[in-house]
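Coordinates in review
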Amino acid sequence: MEFTRKNNNRQLLSRIATNDGHGENSPYFDGWKAYDSNPFHLTQNPDGVIQMGLAENQLCFDLIKKWVLQNPEASICTAEGVDRFKDIAIFQDYHGLQEFREAVAKFMGRVGGNRVTFDPNRIVMSGGATGANETVMFCLADPGDAFLVPSPYYAGFARDLRWRTGLEIIPVHCKSSNNFRITRQALEEAYEKAQRLNKNVKGVIIANPSNPLGTVLDRDTMRSLVTFINDKKIHLVCDEIYAATVFSSPRFMSIAEIIQDMDCDKDLVHIVYSLSKDMGFPGFRVGIVYSFNDAVVNCARKMSSFGLVSSQTQFLLASMLSDEEFVENFLRQSSKRLAKRHRVFTKGLEQVGISCLKSNAGLFFWMDMRPLLKEQTFEGETELWRVIINEVKLNVSPGLSFNCCEPGWFRVCFANMDDETVEVALDRIRKFVLQGTENAAGAGNKCKRRQKNNLCLSISSSRLYEEGLMSPAHMISPHSPIPQSPLVRART
Amino acid sequence: MVAMSKIATGNGHGENSPYFDGWKAYETNPFHPSDRPNGVIQMGLAENQLCLDFVEKWLMKHPEVSLCSPEGVSKFKETALFQDYHGIPEFRQAVAKFMAKVRGDRVKFDPDRIVMSGGATGAHESLVFCLADPGEAFLVPTPYYPGFDRDLKWRTGIELVPILCESSNNFMITREAMEAAYERAQEANLRVKGLLITNPSNPLGTILDRETLKTVVKFINEKNIHLVGDEIYAATVFQEPEFVSISEIIEEDDVVCNRDLIHIVYSLSKDMGFPGFRVGIIYSYNDAVVSCARKMSSFGLVSSQTQHLIASMLSDDDFVENFIAESKEQLFKRHKYFTWSLAQVGIGSLKSNAGLFIWMDLRKLLEEKTFEAEMKLWRVIINEVKLNVSPGSSFHCDEPGWFRVCFANMDDNTMEVALLRIRTFMMKNNEAMVPRPKLCRRSSLKLSLSRSRRMDDFMSPGIMSPHSPLPQSPLVRARN
């Protein structure tokens, strides 16, 4: 029955509808399913799976709430703003509200450290960054063409860049040996590989700051990239959606800033932006295509009809982002809180010997679990991942889902939860790692003695605590649920 | 010159069509009652502006509906974070309920089949991506909405094959016409994957009767091709006969149909007058299509802020019932007044009972029965009469001389100005058509006297608004 239905579908529906281009059959989504069926809740489901696979910025909603309450006229549904309802409800011009474009351009400039100004007339809307990336591909390349993408890269690119456009992705492999930097050599290698396979490379797409690495590109790398694409006469698309999540130095540099001082064909340079990560508004679907190429601006604008930003949302954000005082304060607070959260996690992991790629941006860190792999293969990584999901009960994202060329790396999101949940998550990781250490140390211990080992584990971890390796301030918050943990109960 | 895609460098966006020239004329010189009284009046935009005050009143009574009010702000965070492509459940439920209400509750819609898209524009494109491969074809009855050329073909690479409909039978869709189109496609080596109908029709403003709908369903079922029903004007049916949806037809006992072939496109842009909010809906009876379209909706989800507003609004049963009734009444009144006024100066239009426009018949004003003559007449209407109306050729109409004229996107005053300009133009035309001696000035004065007297006789208080600009008309000044 299932086979006939599939067959029927293949005849009835398009190839796009019946292939796997949507990317959802990737194992990446298994973690999601585990979370969906057993989601963590501090009080109602304390043993549930904690979501650490979702790159969301939840740290600054208090500031947003305060602002909207102080600015009711920014909503077309409040008494103060309803007189604008009619005009806004009928506004469907794909140029977008002027105030919206101006506010976004100003915001982007501010996020880029005010080192470059963005032209509101080059601001084009799209259905989130998802829509922006797809639209840019539709503008720049034909089915069968290829784009080079430094790996590891955002899992969604496989769908956004390729599914309906018919393009191909050729990864540019970046390695841990040099902290995953994008080298000219790696670019050349990928380009040559494409030539050998008879693929027409139309451009390079980078994410800066990087998802999943959480790092920013340095000036030399960026200049090298620009030189590369300029030499090859191919496009450069820069996904800068994490620009405002940079929380410590080195500072973020937009590609717009870099090309200001370079001799390059600006018609080749395009930026994708969004408010989903920087502001924490993924629901509002504010995607932006910003191109230095007039024809691309024009074409993308026509295509924006397929995914315009709701005029209601344009209106709200035009108001919010034009409030300079609010923006200044928001960006400052956001950086501070991200920095703190990042520090709590990375220090906490360091304490149990887990290192992460040194990073200063993003809503996640790139965790190095290579020492815990049974074997340095992707099978080993996947096995470890299933343990993390099913036993440690954390939904983290395995490096394989980001097309990383080395096994053992995991992306762990930290900005989508409250402080209490952070502690629970950290605690679980610590326990898991120490348990692993215990098992390794007591070589030959079998599963039958696991209970005892667990008990030993808890004792040894408290010994670590006594020995001062774990400071109370970091490890045990006043809200720490350790007193209720099963291990403690076992001890008593 | 930097290389871009074929899609980007081609004309598939459709904006080089003459259809847009009228827009440009309007944009460079838009009418404004006080600032630009001689500007071009926009009658090419199918918008429903007649009930927005009604909505405003409701909003003022429901502050909790806003995420930004003290009453509603507690929902701000969860809404701003909500990006699940299934959509907010209350939103889907409210839309399903609204769609049913608009169809007189004669049929129910399943909220789990409601899939979001970037307006109806995005809905059409996504559906085509789900149903057809590049190079395949869809059949579309003419005249049809010009945007379909972009929405259905541009980035998908499919072809559209017209099903020719004629004025001789009021542009009805016949079995013969469908068969003929199908054959033409075969001859051109195009594999037909589906048939798209717009019901109520844009630009005709008519609805498909039950028999025609059944004929269409029978046809697509036999050919095993998809049927996409664009029903975005469903709630604009302001007069009998009652609207019949595809969703109703497939439930009828005597209709045999593979439901996997049936899909509906909906939107709130026309029925509610919210084009800015980009609320597009795909409703399919085919599970695989629901699934696929839902994945694609990531490219054009409805803003969660808007989902929240719409969920609240459309869950209010009283509001919905009153809105639908009020909208019908306003459209009925406007349509009646407009068509009556046109009839007074000898302009007929296709008998219609829906939509935000009329399909005006200016065939007798054409110098010759050609599309060149239609274009010439159109340029006169834009440049001299200063009305942006849409020529039939831009809707792929098979016969020259028809124009779509929108009537629901302006206030009463603007309507009067538009009518006055039309009257003036027609009277000049009537004189031009019938040769008169130099006494024509006096004759026209007499004409205006008799004409305005006739109007006073016929106009009931309901039709002659207190804001009627007749007293300021040039004819009146001539009389003085």
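Along each chain, residues carry numbers from 1 onward, in the same order as the chain's sequence is written. Lettering of chains starts at A and numbering of ligands starts at 1, both following the order in which they are written. This being a predicted model, a pLDDT of at least 70 is required before a residue's local features are given, and a value of 80 or more before pairs of side-chain atoms are given or counted; all residues contribute to the totals for chains, interfaces and linings. Just so you know, side-chain values use all the structure's heavy atoms and leave hydrogens and water out.

**A closer look at the overall build of chain B**
Summing up its helical and strand segments, chain B has 17 helices and 13 strands in all. In this scheme, a residue with accessible area under 20% of its type's maximum is buried, one over 50% is exposed, and one in between is partly exposed, where area comes from a 1.4 Å probe on protein chains only. Every one of the 480 residues in chain B was classed for burial, and the buried ones make up 60%. Contact definition: two residues touch when any of their heavy atoms are within 4.5 Å. Across chain B, the fraction of contacts at a sequence separation of at least 24, relative to all contacts at a separation of at least 6, is 74%. To measure how exposed things are, a 1.4 Å probe is used in the Shrake-Rupley method; for residues, cover is taken only from the protein chains shown. For chain B, the exposed surface amounts to about 19300 Å²; the carbon and sulfur share of it is 51%. Labels follow the DSSP assignment, with helices taken as runs of H or I lasting at least four residues and strands as runs of E lasting at least two, numbered in each case from the N terminus.

**Things to note about the environment of Asp30(A)**
Residues and elements named next belong to chain A. Mapping Asp30 onto the fold places it in helix H3 (residues 28–37). Each C-alpha atom, one on Asp30 and one on Asn395, is 9.2 Å from the other, the two residues being 365 residues apart in sequence. Excluding residues within four positions of it along the chain, Asp30 makes contact with Trp385 and Arg386.

**As for the environment of Asp278(A)**
Residues and elements named next belong to chain A. Relative to the assigned elements, Asp278 resides in the loop between strand S7 (269–274) and strand S8 (286–291). Spatially, the C-alpha atom of Asp278 lies 8.6 Å from that of Ser334, the residues being 56 residues apart in sequence. Leaving out residues up to four positions away in the same chain, Asp278 has contacts with Asn57, Val111, Ile241, Tyr242, Ala243, Ala244, Thr245, Tyr273 and Phe330. One polar contact links the side chain of Asp278 to the main-chain amide nitrogen of Ala243, over a distance of 3.5 Å. Polar contact criterion, stated in full: a pair of N or O atoms within 3.5 Å, where within protein one must be able to donate a hydrogen and the other to accept it, and residues adjacent in sequence count only if both atoms are side-chain atoms. A polar side-chain atom of Asp278 sits 2.9 Å from the main-chain amide nitrogen of Ala244.

**Notes on the state of the cysteines**
Residues and elements named next belong to chain A. The criterion for a disulfide is a pair of cysteine sulfur atoms lying within 2.5 Å. Across all of its chains, the model carries zero disulfides over all chains by this definition. With no disulfide of its own, Cys264 has Cys238 as its nearest cysteine by sulfur position, at a separation of 10 Å. A disulfide-free cysteine, Cys404 has its sulfur positioned 5.4 Å from the sulfur of Cys405, the nearest such atom.

**Things to note about the UniProt feature "domain: Aminotransferase class I/classII large" (unreviewed entry) in chain B**
UniProt positions are given in the numbering used here, feature names are shortened, and annotations may be inferred rather than shown by experiment. Taking the numbering used here, the UniProt-annotated feature "domain: Aminotransferase class I/classII large" (unreviewed entry) corresponds to residues 41–422 of chain B. This span, residues 41–422 of chain B, is 41% helix and 15% strand, and a straight line between its end C-alpha atoms measures 11 Å.

**Things to note about the sheet that holds strand S12 (residues 390–391) of chain B**
Residue and element names in this part refer to chain B. The strand order across the open sheet formed by four strands is S9-S10-S13-S12, and the pairing between neighbours is antiparallel. On the outer flanks of this sheet lie strand S9 (348–349) and S12, each paired with one strand and no other. At least two bridges found by DSSP between two strands is the condition for calling them paired. The sheet contact formed by strand S10 (residues 357–361) and strand S13 (residues 402–406) spans five bridges and is antiparallel. What sits directly across from Met360, in S13, is Phe403. Running at roughly 15° to S10, helix H13 (residues 317–344) makes contact with S9, S10 and S13 of the sheet. Helix axes are fitted only over the stretch in contact, all axes being lines through C-alpha atoms; the angle between N-to-C directions runs from 0 to 180 degrees. Set on the sheet, helix H14 (residues 371–385) makes contact with S12 and S13; between it and S13 the angle comes to about 30°.

**A word on the interface of chain B and chain A**
Contacts between the two partners involve 75 residues from chain B, matched on the other side by 75 residues from chain A. Interface area, chain B with chain A, both sides summed: about 6600 Å², of which 63% is carbon and sulfur. Each reported salt bridge corresponds to a side-chain nitrogen of Lys or Arg within 4 Å of a carboxyl oxygen of Asp or Glu. Between chain B and chain A we count four salt bridges in total. A salt bridge links Arg15(A) to Asp133(B); its shortest N-O distance comes to 3.6 Å. In this assembly, chain B and chain A are joined by 20 residue pairs in polar contact (both at pLDDT 80 or more). Breaking the side of chain B that touches chain A down by element, the ones donating at least two residues are helix H1 (6–9), helix H3 (52–61), helix H4 (76–81), helix H6 (119–131), helix H7 (147–153), helix H11 (287–296) and helix H12 (304–315) of chain B. Examining the composition of the side of chain B that touches chain A, we find that seven residues originate from one element, H6(B), more than from any other. Grouping the constituent residues of the side of chain B that touches chain A by class yields 36 nonpolar, 23 polar and 16 charged. Buried area is a sum: the accessible area each of two parts loses on coming together, probed at 1.4 Å, counted once for each and added. The classification used treats Ala, Val, Leu, Ile, Met, Phe, Trp, Tyr, Cys and Pro as nonpolar, Asp, Glu, Lys and Arg as charged, and all other residues, Gly among them, as polar.

**With respect to the packing of aromatic side chains**
Residues and elements named next belong to chain B. Centres within 6.5 Å make a pair out of two Phe, Tyr or Trp rings, where for Trp the six-membered ring is used; the pair is then stacked when the planes are under 30 degrees apart, edge-to-face when over 60, and tilted otherwise. Summed over all chains, the structure comprises 39 aromatic pairs over all chains. Ring plane angle 10° and centroid distance 6.0 Å describe the contact between Trp359 and Trp402, whose orientation is recorded as stacked. Here Trp359 is found in strand S10, whereas its partner Trp402 is found in strand S13, with 43 residues between them in sequence. The class of Trp359 is buried, set by a relative accessible area of 0%.

**With respect to the pairing of strand S3 (residues 146–151) of chain A**
Residue and element names in this part refer to chain A. Counting buried residues in S3 gives six out of six residues, a clear majority hidden from the surface. Residues of S3 alternate between two faces, with Ala146, Leu148 and Pro150 on one and Phe147, Val149 and Ser151 on the opposite face, all of them buried. With six bridges joining them, S3 and strand S4 (residues 168–173) adopt parallel strand pairing. Within S4, the position partnered with Phe147 by the bridge is Ile169. At this point the chain moves from S3, through helix H8 (residues 157–162), to the parallel S4, and the crossover so formed is right-handed. Alignment of S3 against strand S5 (residues 201–207), held across three bridges, turns out to be parallel. Among the inter-strand pairings, Leu148 is bridged to a residue of S5, identified as Val204. Orient the strands so they point away from the viewer; a crossover is then right-handed if the path from the first strand over the helix to the second runs clockwise.

**Regarding the domain arrangement of chain B**
Residues and elements named next belong to chain B. The domain architecture assigned to chain B consists of domain 1 (18–52 + 321–428) and domain 2 (65–316). Counting residues at the interface gives 31 residues for domain 1 and 38 residues for domain 2. In total, about 3000 Å² of surface goes out of reach between domain 1 and domain 2, with carbon and sulfur atoms giving 63% of it. On the surface where domain 1 and domain 2 come into contact, there are zero salt bridges. Taken together, the links from domain 1 to domain 2 amount to 15 residue pairs in polar contact (both at pLDDT 80 or more). When residues of the side of domain 1 that touches domain 2 are traced back to their parent elements, those giving at least two are H13, S10 and S13. The leading source of residues in the side of domain 1 that touches domain 2 is H13, at eight residues. Here the residues of the side of domain 1 that touches domain 2 sort into 15 nonpolar, eight polar and eight charged. Where each domain starts and ends comes from a domain assignment, either automatic or drawn from a database.

**Focus on the nonpolar core**
Phe85(A), Phe76(B) and Leu195(B) are the most contacted members of the largest nonpolar core, which has 332 residues in total. Setting aside residues up to four positions removed in sequence, Phe76(B) forms contacts with Phe61(A), Ile64(A), Val68(A), Phe281(A), Phe284(A), Leu316(A), Leu67(B) and Cys68(B). Buried Ala, Val, Leu, Ile, Met, Phe, Trp, Tyr and Cys residues that are joined via side-chain atoms within 4.5 Å together make up what is termed a nonpolar core.

**Quick notes on the UniProt feature "domain: Aminotransferase class I/classII large" (unreviewed entry) in chain A**
The sites that carry the UniProt feature "domain: Aminotransferase class I/classII large" (unreviewed entry) are, in the present numbering, residues 50–429 of chain A. Regarding residues 50–429 of chain A, the helix share stands at 41% and the strand share at 16%, and the terminal C-alpha atoms are separated by 11 Å.

**Observations regarding the packing of helix H13 (residues 311–322) of chain A against H12(B)**
Packing of H13(A) against H12(B) leaves a shortest axis separation of 8 Å and a crossing angle of 120°. Between H13(A) and H12(B), the angle falls in the class oblique. The two elements H13(A) and H12(B) cross, and the hand of that crossing is right-handed. Judged by residue contacts, Gln312(A), Thr313(A) and Leu316(A) of H13(A) engage Gln305(B), Thr306(B) and Leu309(B) from H12(B). For the contact of H13(A) with H12(B), the residue count by class is two nonpolar, four polar and no charged. Any angle that falls under 35 degrees is termed roughly parallel, while one over 145 is termed roughly antiparallel, one within 65 to 115 roughly perpendicular, and all others oblique. For any pair of crossing helices, the crossing counts as left-handed if the nearer helix is rotated counterclockwise from the farther one by less than a right angle, and right-handed if it is rotated clockwise.

**Some words on the pairing of strand S7 (residues 262–267) of chain B**
Residues and elements named next belong to chain B. Within S7, six of the six residues are buried, which leaves it mostly tucked inside the rest of the structure. On S7, burial covers both faces: Ile262, Ile264 and Tyr266 on one face and His263, Val265 and Ser267 on the other are all buried. In terms of strand pairing, strand S6 (residues 226–230) meets S7 through four bridges, oriented parallel. When the bridges of S7 are listed, Leu227 appears paired with Ile262.

**So, the side chain of Glu24(A)**
Its location among the elements puts Glu24(A) in the loop between helix H2 (15–18) and H3. As used throughout, the charge tally considers Lys and Arg to be positive and Asp and Glu to be negative, leaving His and the chain termini uncounted. No salt bridge forms around the buried Glu24(A); measuring N to O, its nearest opposite-charge neighbour Lys295(B) is 4.1 Å away. Looking at Glu24(A), its side chain comes within polar contact range of the side chain of Tyr85(B), at 2.6 Å. When neighbours within four sequence positions are excluded, Glu24(A) is seen to be in contact with Phe29(A), Tyr85(B) and Lys295(B).

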